[in-house]
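Here are the chains, one letter per residue:
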Amino acid sequence: MYRYMYFILFKKLSESPHEEEGEHNNDYDHEAFLGREEAKTFDQLTPEESKERLAILVDKIDKNKDGEVTEEELREWIQYVQKRYITTDTDRMWKDHDIQGDTLTIMTNSPNFSYKDMINRDERRWKAADKNKDGKLDKTEFSDFLHPEEAEHMRDIVVQETMEDIDKDKDGYISLEEYIGDMWPNQDGEEPEWVKSEREQFNTYRDKNSDGKMDHEEVKDWIIPPDYDHTDAESKHLIYESDSNKDGKLSKEEIIEHYDTFVGSQATDFGEALTRHDEF
């Protein structure tokens, strides 16, 4: 188990935003479908090599071997990729630390922590992850510390950290200006249409009580909407983009035809997906 120590190790499942300047970001799809971090080799492949490897992967996703990938099979695959990343990342970080008696030693080659910055945030997250309140984290609790977005009891921590990042004047709220400034930090030139759309989103949907700012609960509804399943939405999106004959499922040919939707040139752990398919 790990004795308490200050460091920040929060990783999102995808480093890529789902939308970028109002447009759908394909890198999000690539990371959701393939995973990320481990292999970092896919961007070196030619389109032909990409299609060949994708064809192999499609056979793994098609669990009932009927030659079609259904929405449910795609959803299960995306969930598998997400869970595998969290497990792998937790294992890696767990091994990166050397426990000697009751002392936690941070390996010097680990780049994912800081002693100086965000001490209060780290302590708060640690205490929230420590479910049994024994002052140390077992491996499950450590996983919750690393990936609080995946643990129900850690959701308020995610909201609070998000607010602290965006709330520049530190009044405990996110104003419209702070909301837009986070998405469009440089604000050069004429305001793009997607920014105007975000202003409307803020005023119409985000700021539910119309007081000109978002409080904790409004931010929670924004970043962790209770009625929104990201995995379900992503599987529906991938089928919508690639289902040429509109039969509600994907053939291998349709997936290969739209290979750039699934793999593109984003560095991913595609090789890991192939070598570890027996776990699925």
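Our subject in this report is the structure included herewith. (Residues numbered from 1 in each chain as written. Predicted model: local features only at pLDDT ≥ 70, side-chain atom pairs only at ≥ 80, totals over all residues. Heavy atoms only, no water.)

## With respect to the packing of helix H4 (residues 119-129) against helix H6 (residues 155-166)
Convention followed: In this description, a line fitted to the C-alpha atoms serves as the axis of each element, helices being fitted only across the stretch in contact, and the angle between N-to-C directions of two axes falls anywhere from 0 to 180 degrees. By definition, any uninterrupted DSSP run of H or I lasting at least four residues is a helix, any uninterrupted run of E lasting at least two residues is a strand, and each is numbered from the N terminus. Note that the term roughly parallel is reserved for angles under 35 degrees, roughly antiparallel for angles over 145, roughly perpendicular for angles of 65 to 115, and oblique for everything else. The contact criterion used throughout is that any non-hydrogen atoms of two residues lie within 4.5 Å.
Put simply, H4 and H6 touch, their axes get as near as 11 Å, and they point 170° apart. Taken together, the axes of H4 and H6 are roughly antiparallel relative to one another. In this structure, H4 uses Arg 121, Arg 124, Arg 125 and Ala 128 to contact H6, whose residues at the interface are Ile 157, Gln 160, Glu 161, Glu 164 and Asp 165.

## As for the nonpolar core
Rules: As used here, the term nonpolar core means buried Ala, Val, Leu, Ile, Met, Phe, Trp, Tyr and Cys residues forming a set that is joined through side-chain atoms within 4.5 Å. Think of it in three bands: with a 1.4 Å probe and only protein chains considered, a residue is buried below 20% of the maximum accessible area for its type, exposed above 50%, and partly exposed in between.
By size, the foremost hydrophobic cluster in this structure holds 19 residues, and its most contacted members are Leu 54, Val 69, Leu 74, Trp 77, Leu 250, Ile 255 and Phe 262. In this view, Val 69 contacts Val 58, Ile 61, Asp 62, Leu 74, Lys 249, Leu 250 and Ile 255; residues no more than four positions away in its chain are not counted. The next biggest cluster of nonpolar side chains, apart from the first, holds 15 residues, and it includes Ile 174, Leu 176, Val 195 and Phe 202.

## So, unusual backbone geometry
Trans peptide bonds make up most of the peptide bonds, and negative phi angles are found at most residues other than glycine. Despite not being glycine, Lys 65 has its phi angle at roughly 55°, a positive value. Tracing the sequence through the fold places Lys 65 in the loop between helix H2 (47-61) and strand S4 (68-69). What makes Lys 65 exposed here is its relative accessible area of 56%.

## Examining the packing of aromatic side chains
Note the cut-off: Only Phe, Tyr and Trp rings take part, Trp by its six-membered ring, and two of them pair if their centres are within 6.5 Å. Stacked means planes under 30 degrees apart, edge-to-face means over 60, and tilted covers everything else. Lysine and arginine charges are scored as sitting over a ring when NZ or CZ, respectively, is within 6 Å of the ring centre and within 35 degrees of the ring normal.
For the structure shown, the criterion picks out six aromatic pairs. Ring centres of Trp 77 and Tyr 80 lie 5.1 Å apart, and the angle between their planes is 50°; this geometry places the pair in the tilted category. One end of the pair, Trp 77, and the other, Tyr 80, are both in helix H3 (residues 71-95), three residues apart, so they sit about a helical turn from each other. Trp 77 sits in the buried class, given a relative accessible area of 0%. When the ring of Tyr 179 is compared with that of Phe 202, the centres are 5.1 Å apart and the planes differ by 50°; the resulting orientation is tilted. Taken together, the residues Tyr 179 in helix H7 (residues 176-183) and Phe 202 in helix H8 (residues 193-206) connect sequence positions 23 residues apart. For the residue pair Tyr 179 and Phe 202, the accessibility class agrees, reading buried in each case. Among the aromatic side chains, those forming a connected cluster through ring pairs are Trp 94, Trp 126, Phe 142 and Phe 145. Taking the ring centre of Phe 145 as reference, the NZ or CZ of Arg 125 above it sits at 5.7 Å. Over the aromatic face of Tyr 240 sits the side chain of Lys 246, whose NZ or CZ is 5.3 Å from the ring centroid.

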